[in-house]
Amino acid sequence: MENNKILIKGNHAIVEAAIDAGCRFYAGYPITPQNEIPEYMSIKMKEAGGIFMQAESELISINLVYGAAVAGARAMTTSSSPGISLMQEGISYMAGCELPGVIVNVQRGGPGLGNISPSQSDYFQAVKPGHGDYRLIVLAPYNTQEMYDFTFEAFDLADKYRNPVMVLTDGLLGQIMESIELKRKTPELLNQKKDWALTGAKGRKGKRIVSLLMEPGVLEKHNFHLKEKYDLIRKTEKRFEKLGITEDMEYLIVAFGTVARISKGAIKLSRDIKIGLFRPITLFPFPYEELKEIARKVKKIFVFEMNLGQMLEDVKIAVEDSEKIEFYGRPGGGVPTSEELLNFILKRIQK
Amino acid sequence: MENNKILIKGNHAIVEAAIDAGCRFYAGYPITPQNEIPEYMSIKMKEAGGIFMQAESELISINLVYGAAVAGARAMTTSSSPGISLMQEGISYMAGCELPGVIVNVQRGGPGLGNISPSQSDYFQAVKPGHGDYRLIVLAPYNTQEMYDFTFEAFDLADKYRNPVMVLTDGLLGQIMESIELKRKTPELLNQKKDWALTGAKGRKGKRIVSLLMEPGVLEKHNFHLKEKYDLIRKTEKRFEKLGITEDMEYLIVAFGTVARISKGAIKLSRDIKIGLFRPITLFPFPYEELKEIARKVKKIFVFEMNLGQMLEDVKIAVEDSEKIEFYGRPGGGVPTSEELLNFILKRIQK
Amino acid sequence: MRKGKIKINEDRCKGCLLCIEQCKVKEIIQGEKVNKYGHLVVEFKNSGKCNACTLCAIVCPDAAIEVYEVSEEKVNGK
Amino acid sequence: MRKGKIKINEDRCKGCLLCIEQCKVKEIIQGEKVNKYGHLVVEFKNSGKCNACTLCAIVCPDAAIEVYEVSEEKVNGK
Amino acid sequence: MIEKIIYKKPDSLTDVNFSYCPGCGHSTVHKIIAEVIDELALRENTIAVAPVGCAVFAYNFWDFDVTEAPHGRTPAVATAIKRVLPDRLVFSYQGDGDLASIGMAEIVHTANRGENITVIFINNTNYGMTGGQLAPTTLLNQKTTTSPFGRDAKNYGYPFKMLEFLSPLEGVKYLERVKVTDAASVVKTKNAIKKGFSYQLQNIGFSMIEVLSSCPANWRKEPLDSNKWIEEEISKVYPVGKIKDIK
Amino acid sequence: MIEKIIYKKPDSLTDVNFSYCPGCGHSTVHKIIAEVIDELALRENTIAVAPVGCAVFAYNFWDFDVTEAPHGRTPAVATAIKRVLPDRLVFSYQGDGDLASIGMAEIVHTANRGENITVIFINNTNYGMTGGQLAPTTLLNQKTTTSPFGRDAKNYGYPFKMLEFLSPLEGVKYLERVKVTDAASVVKTKNAIKKGFSYQLQNIGFSMIEVLSSCPANWRKEPLDSNKWIEEEISKVYPVGKIKDIK
Amino acid sequence: MTEKVIIAGSGGQGVLTLGIFIAKIGFSEGKNVTWLPTYGAEKRGGFSFCYTVVSDEEIFSPVVESPDTLILFDQRAYDVYKEKINQQTYVVVNSNLVKNINKNNKNFFEIDATKIAKEINFIQAMNVVMFGAYFQLKKIFKIETVYNVMKQMLKGKKEDTFLKNKIAFEKGMEFFK
Amino acid sequence: MTEKVIIAGSGGQGVLTLGIFIAKIGFSEGKNVTWLPTYGAEKRGGFSFCYTVVSDEEIFSPVVESPDTLILFDQRAYDVYKEKINQQTYVVVNSNLVKNINKNNKNFFEIDATKIAKEINFIQAMNVVMFGAYFQLKKIFKIETVYNVMKQMLKGKKEDTFLKNKIAFEKGMEFFK
Ligand SMILES: Cc1ncc(C[n+]2csc(CCOP(=O)(O)OP(=O)(O)O)c2C)c(N)n1
Ligand SMILES: Cc1ncc(C[n+]2csc(CCOP(=O)(O)OP(=O)(O)O)c2C)c(N)n1
Ligand code: SF4
Ligand code: SF4
Ligand code: SF4
Ligand code: SF4
Ligand code: SF4
Ligand code: SF4
Ligand SMILES: [Mg+2]
Ligand SMILES: [Mg+2]
């Protein structure tokens, strides 16, 4: 398969990745800043011979994805913050039924209708989600290449664990145009048999995909089964990036997605400060142990987010020493600059 | 006003409290295990001369409550886990618009349709909610008296802070019948003027209640304004109960709601073990500092929940010493017994 | 006239009495027996009037009735 | 015939041309001026043909047109 | 004596006893759906979408593939399954709370898209599973647990006639209202369901069969009285018969 | 020379310029709503519910009380306001994406409950705000950003005629479809809105006025051509006129 | 004093009502009480049970794991709960519907409550007959409270309903006198 | 080398297209590039701007706080961004629409791009004229790349479109020659 470097918008990269990953069912409802996804998909999915549906609401989107997954298709929906809120029930059902599926959240400012600027204030909703003890695998890209890569991988992960996977990105990464390399390879698990899917009871008893488990104890058992799966995911799928983690490092930045790349800029500007970056890539599973290990060695940990401190809670859980932690966040669509982050660092270091 | 002791179901107590608190608008959609609330309300609200609406969905419920709040009414909706998931968008709008309102979640087993047994697996959804950096005030009753008291107080709290308040309870507390004292008093803030409400622009310019804030920086400022409010709530509204916290205490249980009362039973059974209970009553604001203080003095902290460890994360944040913490949880509708909890404690103590 | 008989699955029957209402020849009656689920099941009288019309079975919500056509022994092996 | 004139609010006008289409007497024309929002605003010709019919104003989406009836000085103070 | 079996429990039913209340219309409809699927030899080719409502347990009883949609989203789930597997028989089975209340948007859009699925709609004028609350289909003045003084239009709106409502949509091809109060009407219902399924197999488009169905438990009536109530009251408001049939 | 002003910007509009594109139908409708409210002297007695859609900014322009509902939930919000404050004029203002797509359940149930509110429904056959995607009202073969090859019924369903659809519901009292393509039609629209409002003041019940409205930006047409397109194409599919009027 | 009761049977037999009845009696006598019903998915014919706890002390868990008393209305109820029976447990079964038992307990009592209720032409009062038996066997409550609560619970019903219930109660009581 | 450009004007003036154009040129010359548009709520006539960064190094933030170059299409654009102008900043304004300026900077360049575009009868190419000026002033890119990318972006358009754009570009370029 050929490798191509092209200049592409983040939202378009998601479409390319989904098609390359064998996604043949897409349902979505317009919402800024991710409209390029359904728009581009309406062309690309047709070319690929798959099913493109403009759902009449996010509720319909997620339930179409649910249905497509039941029938064994690789399916995706995309939306932005308020639309993702509307999918909470459906996502919980998918997790309960162990249905694979990919959900992309191109976050915008909230709460409520908010605005259409980039934001990271759906961290909670993605990582500590709705009703019931379920979890999503959450991937947080930080550039356009990762928009492509992670969306591509999301489909295999979803199938591997029979669990919905969320790509948690934001309006900046959705709108930005950068160069990426298209992998154009066949996903590993594309042709894996889905024994659990409903395709008609040919030569067998009827099968069911349900999340209602009323008999005493059965739902509890199912939850423990899910927990085992999540524990396995915690063990095997944790991903993160370390930058400039040296032996004599004194300070550490923890940031994900857009803010992580801006933080890299701050580190570059900082020159002689001994500061590194820890970037969680999977937000679930969160790399607690790895962060803890590094955190122990530094004087101060800076947590930067485009929200009021949501990943911060996971960092606190990992670090177990809140006195070390300094948080700087911009909610409601504010995007910090590298200079701004550096200034914050300098001020806190001097103190 | 007279005080009465009566025997009453938890769900009915919620209705009595709401009516006593001056709630004159109720909208709800049936879902077990909270059906007694809309049913009883359809009678009680009529008697009180208020508005009872059976909404056609939870989306309609929460948006009716939104509208009623806009018009200045004390309004409430109730549901159970999947129904609450469907309200996530609306709740975020209410928080964004700073609208008061009371939401009762009589939790059941999840994920998905799950079952109708009691559960605490909506802790995340209540305490670390949907899109945007908003927060709900979350009250967790642990007996029928508190079902009444907290629902009653929820209305004043909602008005005081112009913020939605959630009463986070479960199927057990909703179904149980116990004796309670009806306070039958006038809520403090019942007659507080709501200058912000929309009632027609008599002698003034038009007013607006909106959550869209598109001009650069405005939404961010609004978020910081909300944060100040939440910080104030953190300072003034934190509530918790301590039981058997002695100087020579060696162990501590942290539990809320139903599990807290079962934990009290375990403590009673435990006799000579020096063990106390810390019961967070407000889950937001969570009593981090108070818990931290006590936690420092004990050897081990037992966190018990009817889920797979959701409040556990807040306990970890408070305690900052995960090695001390032992978690035991029953997900998917499992209700532990006092004996079971004690056994767990004994095993971990002996280890 | 066609001759028939029915078998009532006592486990499935819930005593709803819909079959009794349908049987034109009154071959089904309310019984005395309570099945293991607590339902008072109906009984086939078997007084020879059943004509295998299947109406009782068609109307039975719980698929508790089987209907048989009963015929004399075959003549000439037919 | 009634005499009239209109005033076009240059800030509000967006140059959509709907008013021009409505004016039977062609008293509004496409202008040259770009307002501060970048819109090419229309102009009132004021050639005396305006009859204050208000059609231009009615159709103006942006409420940019005011219409005046113009009459000679009052006779006998009326 | 030779005994020839001429009526038995259909093969497409499992051996699990229905959990529905005595005389419940769900049981009858479950049974005849299984009969139709047997007769059309579709057991191995069918995917059903069960609702949230009493019939959420359908998967225990039907021996073909069954999934379960979130409350009211049944037609969306069925749509996707059908689009992914266009040669399977896909039907959704919904109660009146599921379809006409919380699932209004889903059924309307699915019908308007003319999705090639069949919807079996069980109208028992209340929310059976949750204990007999008002449904959009509840009759005027009917008392339910949330309309204890009877349904008045001013507060609760009017009884919702779903078939008549969907009928003008172009995507909709076949609509019929039936009941299961006696053997004759059961046979008619069976034929209607068979027709809906066979239209789907012929790619004709969206079809929906509404069954007036009893809920003795919540109506607080004996099964026979419940059927009488359907005959005397419910079918006045919801007349049985074909509403639309465009072949 | 004496100048007497005979037409001016209504008092119920603020001085903020409309943010809508040149020639956008929203602007016209905003203006005439303000005119009607002026004429009925209701500025101090009105509460409007703005949608999510281009008109989300209505609150900048109307000088009466305005709130904003989550996308599609506009009628639910309006319902509660009206029930709490029955003597105020309460109207909801919605686009076709808001009302006919995501808000289908809300508008249908509100209409069926016969809530005493007025709904102004702006049909511009696409999602204006988000960049011209397909709406349920999009014409067959119409190209939009999500139907780049034109709307085909098989995949996207049929153009949705909301008024005709709601018309059979008993709670619905007045329905009219209008347009704002020239002065005459603007006056008609104004009268229809006035009628809707005055029915509400008389407690007659639910009314809805659908306005065929141009979206020059997303149609990629000049304003005048846009109006021509409404005359020549859109109003063929959505004929203007009264659909229901039960006084 | 703490009395933890499980009552079990099928929907329609008055399982839940009896639980409330006992709770109200306890409440009237100034005790702490809890009552917790099951709320199954089945409306009729389904398995039904409830927990009632009456105590002088604070009641922590309303869920009864080790009951002091089991009141079992039919065979299924017995089958489900037989494992909870130990030597201390009081068991009262409706022998009309519970036939297949393993009576290895001194406090195991059988009463054909269905028959008795039929005899007094008030089949719905089977549960009250069972209560009468329980009342007599355990002797925890005062008889005046029983009548008071009974009256209160039947308020609004026909005049003779109270009398009929009273008789059912007394028949049950007398059975073990 | 790092070049951070802000282009600003009104919707319809080709603000975003010019940004993409520059990004594509940079990309073609093997640089790292980012382009970030605004996506406002207004579709026509609204304020419009975009950030383009071209660099030999990894680009961290695509948001341009301190631009190396400002390309400003109209007065509003100037008013919004004038505060970002310092002594180093290159500023290219369309003097046809930017009249009210405070020119205290050596790298401040005015060109009546509207007029030039009108003169060549191709008013839509105002943005390309502006680009020509920018190209000439900054001399960062190769002219072949410009033509190549221009061709590529106009693929599928009418034959003479490229030529007309080429002329517009050259006119802009020549203005500062
Ligand atoms: C989102 C959500 N809301 C509410 C419920 C609770 N619920 C379960 S079944 C049901 C109503 C069922 O009524 P209907 O569809 O008429 O079916 P029936 O039981 O009458 O056959 C409701 C409201 C739920 N499970 N999920
Ligand atoms: C829950 C949710 N989904 C999607 C959106 C994005 N969105 C904003 S406006 C709009 C469509 C508006 O279209 P329409 O109602 O026709 O109004 P118009 O702009 O055409 O007047 C959408 C989908 C949103 N804000 N919230
Ligand atoms: S088959 Fe016909 S005749 Fe025989 S028992 Fe049934 S209804 Fe009666
Ligand atoms: S119809 Fe069936 S379930 Fe009902 S009584 Fe007859 S056999 Fe029993
Ligand atoms: S008022 Fe009438 S005549 Fe005068 S400019 Fe307007 S349209 Fe023309
Ligand atoms: S109709 Fe109004 S906005 Fe349009 S050109 Fe005329 S004056 Fe300007
Ligand atoms: S509650 Fe009603 S609908 Fe549900 S099983 Fe019982 S009778 Fe049937
Ligand atoms: S996008 Fe369309 S609907 Fe929105 S303001 Fe512009 S023209 Fe009007
Ligand atoms: Mg129903
Ligand atoms: Mg629109």
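Counting starts from 1 at the beginning of each chain's written sequence and moves along it residue by residue. Each chain gets a letter, beginning with A, and each ligand a number, beginning with 1, in the order they are written. Given that the model is predicted, a residue must reach a pLDDT of at least 70 before its local features are reported, and side-chain atom pairs must reach 80 or more before they are shown or counted; all residues, however, enter totals for whole chains, interfaces and linings. Just so you know, side-chain values use all the structure's heavy atoms and leave hydrogens and water out.

Looking at the overall build of chain A
In terms of helices and strands, chain A carries 13 helices and 15 strands. C-alpha atoms define the radius of gyration in this analysis, and the globule rule sets the expected value at 2.2 Å times the number of residues to the power 0.38. Over its C-alpha atoms chain A spans a radius of gyration of 20 Å, differing by no more than 12% from the 20 Å that the globule rule assigns to 351 residues. Reported as C-alpha extents along the three principal axes, the dimensions of chain A are approximately 70 × 50 × 40 Å. When accessible area is computed with a 1.4 Å probe and restricted to protein chains, residues below 20% of their type maximum are described as buried, those above 50% as exposed, and intermediate ones as partly exposed. Taking all 351 residues of chain A together, 75% fall into the buried category. Contacts between residues were defined by any pair of non-hydrogen atoms, one from each residue, lying within 4.5 Å. The long-range fraction of contacts in chain A, counting pairs at least 24 apart against all pairs at least 6 apart in sequence, stands at 80%. Under the DSSP-based scheme used, a helix requires at least four consecutive residues in state H or I and a strand at least two consecutive residues in state E, with every element numbered from the N terminus.

So, the relation of the copies chain B and chain A
C-alpha atoms of residues with pLDDT of at least 70 in both copies form the basis for the least-squares superposition of the copies. The operation relating chain B to chain A is a screw motion whose rotation component is 180°, with 0.0 Å of axial translation and a residual RMSD of 0.0 Å. Put plainly, the chains are arranged around a two-fold axis. Across chain B, the rotation axis passes nearest the C-alpha of Glu320(B), at a separation of 2.1 Å. Both copies share a contact surface, since 100% of the interface residues of chain B are interface residues in chain A too.

Brief notes about the sheet that holds strand β1 (residues 2-7) of chain F
For two strands to pair, DSSP has to find at least two bridges joining them. Read across the sheet, three strands follow the order β1(D)-β4(D)-β1(F) without closing on themselves; strand pairing throughout is antiparallel. Strands with a single pairing partner mark the edges of an open sheet, and in this sheet they are β1 (3-8) of chain D together with β1 of chain F. Averaged over all pairs of adjacent strands, the angle between strand axes in this sheet comes to 35°, irrespective of strand direction. When strand β4 (residues 65-71) of chain D meets β1(F), the two strands line up antiparallel, connected through five bridges. Bridge assignment links Glu69(D) to a residue of β1(F), and that residue is Lys4(F). For helices, the axis comes from a line fit to the C-alpha atoms of the stretch in contact; other axes are also lines fit to C-alpha atoms, and the angle between any two N-to-C directions lies between 0 and 180 degrees.

Digging into the domain arrangement of chain A
All names here are of chain A. Domain boundaries in chain A define domain 1 (2-193 + 204-236) and domain 2 (242-349). Placing a centre on the C-alpha atoms of domain 1 and another on those of domain 2 gives a separation of 27 Å. Taken together, the contact pairs 33 residues of domain 1 with 27 residues of domain 2. Buried surface at the junction of domain 1 and domain 2, both sides included, amounts to about 2,400 Å², of which 58% is carbon and sulfur. The term buried area denotes the loss of accessible surface (1.4 Å probe radius) that occurs when two parts are joined, taken as the sum for both partners. For domain 1, the biggest contributors to the area lost against domain 2 are Gln120, Tyr123 and Tyr142; these three give 34% of the whole. One speaks of a salt bridge when a side-chain nitrogen belonging to Lys or Arg is within 4 Å of a carboxyl oxygen belonging to Asp or Glu. Between domain 1 and domain 2 we count three salt bridges in total. Polar contact criterion, stated in full: a pair of N or O atoms within 3.5 Å, where within protein one must be able to donate a hydrogen and the other to accept it, and residues adjacent in sequence count only if both atoms are side-chain atoms. Connecting domain 1 to domain 2 are 17 residue pairs in polar contact (both at pLDDT 80 or more). Where each domain begins and ends is defined by an automated method or by a domain database.

Description of the packing of helix α1 (residues 10-20) of chain B against helix α7 (residues 144-161) of chain B
Packed helix pairs are characterised by how far apart their axes lie and by the angle those axes make with each other. All names here are of chain B. With their axes 8 Å apart at the nearest point, α1 and α7 run at an angle of 30° to one another. Our classification of the angle between α1 and α7 gives roughly parallel. The chirality of how α1 crosses α7 is right-handed. Contacts between α1 and α7 involve Gly10, Asn11, Ala13, Ile14, Glu16, Ala17, Ala18 and Asp20 from the former and Thr144, Met147, Tyr148, Thr151, Phe152 and Phe155 from the latter. Convention used here: angles under 35 degrees read as roughly parallel, angles over 145 as roughly antiparallel, angles from 65 to 115 as roughly perpendicular, and any remaining angle as oblique. Here a crossing is taken to be left-handed if its near helix is turned anticlockwise relative to the far helix by less than a right angle, and right-handed if that turn runs clockwise.

Structural notes on the coordination of the magnesium ion (ligand 10)
Distances up to 2.8 Å from the metal define which N, O and S atoms are donors, and 3.2 Å serves for Na, K and Ca; water is absent from the atom set, so sites may look incomplete. Within the protein, the atoms that donate to the magnesium ion (ligand 10) are Asp96(F) (OD), Asn124(F) (OD1) and Asn126(F) (O), at distances of 2.0 to 2.2 Å. Spacing between the donor residues of the magnesium ion (ligand 10) along the chain follows D-x27-N-x1-N.

Some points on helix α3 (residues 58-70) of chain B
Residues and elements named next belong to chain B. How far a helix is expected to stretch is found by multiplying one less than its residue total by 1.5 Å. With 13 residues, α3 extends 18 Å from end C-alpha to end C-alpha; this agrees with the ideal 18 Å at 1.5 Å per step. Extensive coverage of α3 is indicated by the burial of 13 of its 13 residues. Two to three positions downstream of the cap, the backbone nitrogen of Leu59 sits 3.3 Å from a side-chain oxygen, assigning the N-cap of α3 to Ser57.

Some thoughts on the sheet that holds strand β1 (residues 2-7) of chain E
Taken in spatial order, the three strands of this open sheet run β1(C)-β4(C)-β1(E), and their pairing is antiparallel. A single partner strand is all that each edge strand has here, and the edge strands are β1 (3-8) of chain C together with β1 of chain E. Adjacent strand axes in the sheet meet at a mean angle of 35°, parallel and antiparallel pairs treated alike.

Describing the pattern of salt bridges
Residue and element names in this part refer to chain F. Counted under the stated rule, the structure contains 126 salt bridges over all chains. For Arg43, the salt bridge goes to Asp63, with nearest N and O atoms at 3.5 Å. One end of the pair, Arg43, is in the loop between α1 (25-39) and β2 (46-50); the other, Asp63, is in the loop between α2 (58-61) and β3 (65-68), with 20 residues separating them in the sequence. Both residues of the pair, Arg43 and Asp63, belong to the buried class.

Concerning the environment of Glu188(B)
By secondary structure assignment, the location of Glu188(B) is in the loop between β8 (177-182) and β9 (208-209). Separated by 13 residues in the primary sequence, Glu188(B) and Gln175(B) have C-alpha atoms spaced 29 Å apart.

Points about the packing of helix α3 (residues 58-70) of chain A against helix α3 (residues 74-84) of chain E
It is at 7 Å that the axes of α3(A) and α3(E) come closest, and there the two elements cross at 45°. On the basis of their axis angle, the class for α3(A) and α3(E) is oblique. The handedness of the crossing between α3(A) and α3(E) comes out as right-handed. Counting all contacts with α3(A), which are made through Ile60(A), Asn63(A), Leu64(A), Tyr66(A), Gly67(A), Ala68(A) and Val70(A), the residues of α3(E) involved are Ala76(E), Val77(E), Thr79(E), Ala80(E), Ile81(E) and Val84(E). A breakdown of the residues in the contact of α3(A) with α3(E) according to their chemical character gives 10 nonpolar, three polar and no charged. Ten residues, namely Ala, Val, Leu, Ile, Met, Phe, Trp, Tyr, Cys and Pro, are considered nonpolar, four, namely Asp, Glu, Lys and Arg, are considered charged, and the remaining ones, Gly among them, are considered polar.

Concerning the interface of chain B and chain A
With 58 residues of chain B in contact, the opposing surface of chain A contributes 58 residues. Of the roughly 4,900 Å² buried at the junction of chain B and chain A (both faces included), carbon and sulfur atoms supply 60%. It is Pro111(B), His131(B) and Asp133(B) that lose the most area in chain B upon contact with chain A, and together they represent 14% of the buried surface on that side. Between the two partners, chain B and chain A, sit six salt bridges. The closest approach of N and O atoms between Arg135(A) and Glu313(B), which form a salt bridge, is 3.4 Å. In terms of residues, the side of chain B that touches chain A owes the most to one element, helix α9 (residues 218-236) of chain B, which gives six residues. Looking at side-chain class alone, the side of chain B that touches chain A contains 20 nonpolar, 24 polar and 14 charged residues.

Observations concerning the side chain of Thr169(A)
Here Thr169(A) lies in strand β7 (residues 164-170). Beyond its immediate stretch of four places on either side in the chain, Thr169(A) contacts Ile14(A), Val104(A), Asn105(A), Val106(A), Gln107(A), Ser119(A), Pro141(A) and Met147(A).

A short note on unusual backbone geometry
Following Gly110(A), the chain continues to Pro111(A) via a peptide bond in cis, the omega torsion being -5°. The residue Pro111(A) is located in the loop between β5 (101-107) and α6 (123-127) in this model. Positive phi, close to 60°, is recorded for Asn203(F), a residue that is not glycine. Position of Asn203(F) among the secondary structure elements: in the loop between α8 (183-201) and β7 (206-212). Judged by its relative accessible area of 58%, Asn203(F) is exposed.

Focus on the arrangement of the chains
The interface with the highest contact count, out of 16 pairs of chains in contact, is the one between chains A and B. What separates chain C from chain D at the closest point of their C-alpha atoms is a distance of 64 Å, and the two make no contact. A gap remains between chain F and chain G, with no contact made and the closest C-alpha atoms lying 27 Å from each other.

Some details on the side chain of Arg135(A)
By secondary structure assignment, the location of Arg135(A) is in the loop between α6 and β6 (137-139). Its relative accessible area of 10% is what places Arg135(A) among the buried residues. A distance of 3.4 Å separates a polar atom in the side chain of Arg135(A) from a polar atom in the side chain of Glu313(B). Excluding residues that lie within four positions of it along the chain, Arg135(A) makes contacts with Val127(A), Lys128(A), Pro129(A), Asn163(A), Tyr230(A), Arg234(A), Phe284(A), Phe124(B) and Glu313(B).

Some remarks on the environment of Leu139(F)
All names here are of chain F. Mapped onto the elements of the fold, Leu139 is located in the loop between β5 (118-123) and α6 (153-156). Since its relative accessible area comes to 6%, Leu139 is described here as buried. Separated by 94 residues in sequence, Leu139 and Glu233 have C-alpha atoms that sit 8.6 Å apart. Setting aside residues no more than four positions away along its own chain, Leu139 makes contact with Thr125, Arg151, Pro159, Trp229, Glu233, Ile234, Val237 and Tyr238.

Remarks on the packing of aromatic side chains
Pairing of aromatic side chains here covers Phe, Tyr and the six-membered ring of Trp, requires ring centres within 6.5 Å, and sorts the geometry by plane angle: under 30 degrees stacked, over 60 edge-to-face, intermediate tilted. Counted according to the given criterion, the structure contains 81 aromatic pairs over all chains. Ring geometry for Tyr147(G) and Phe162(G): centres 6.4 Å apart, planes at 85°, overall edge-to-face. One end of the pair, Tyr147(G), is in helix α5 (residues 143-153); the other, Phe162(G), is in helix α6 (residues 159-175), and 15 residues separate them in sequence. In this structure an aromatic cluster arises from ring pairing among Phe21(G), Phe131(G), Tyr134(G), Phe135(G), Tyr147(G), Phe162(G) and Phe169(G). A ring has a charge above it when a Lys NZ or an Arg CZ is no more than 6 Å from the ring centre and no more than 35 degrees off the ring normal. The ring of Phe18(E) carries Arg12(C) above its face, with NZ or CZ at 5.2 Å from the centroid. The residue whose ring lies beneath Lys164(H) is Phe122(H), and the NZ or CZ to ring-centre distance is 4.5 Å.

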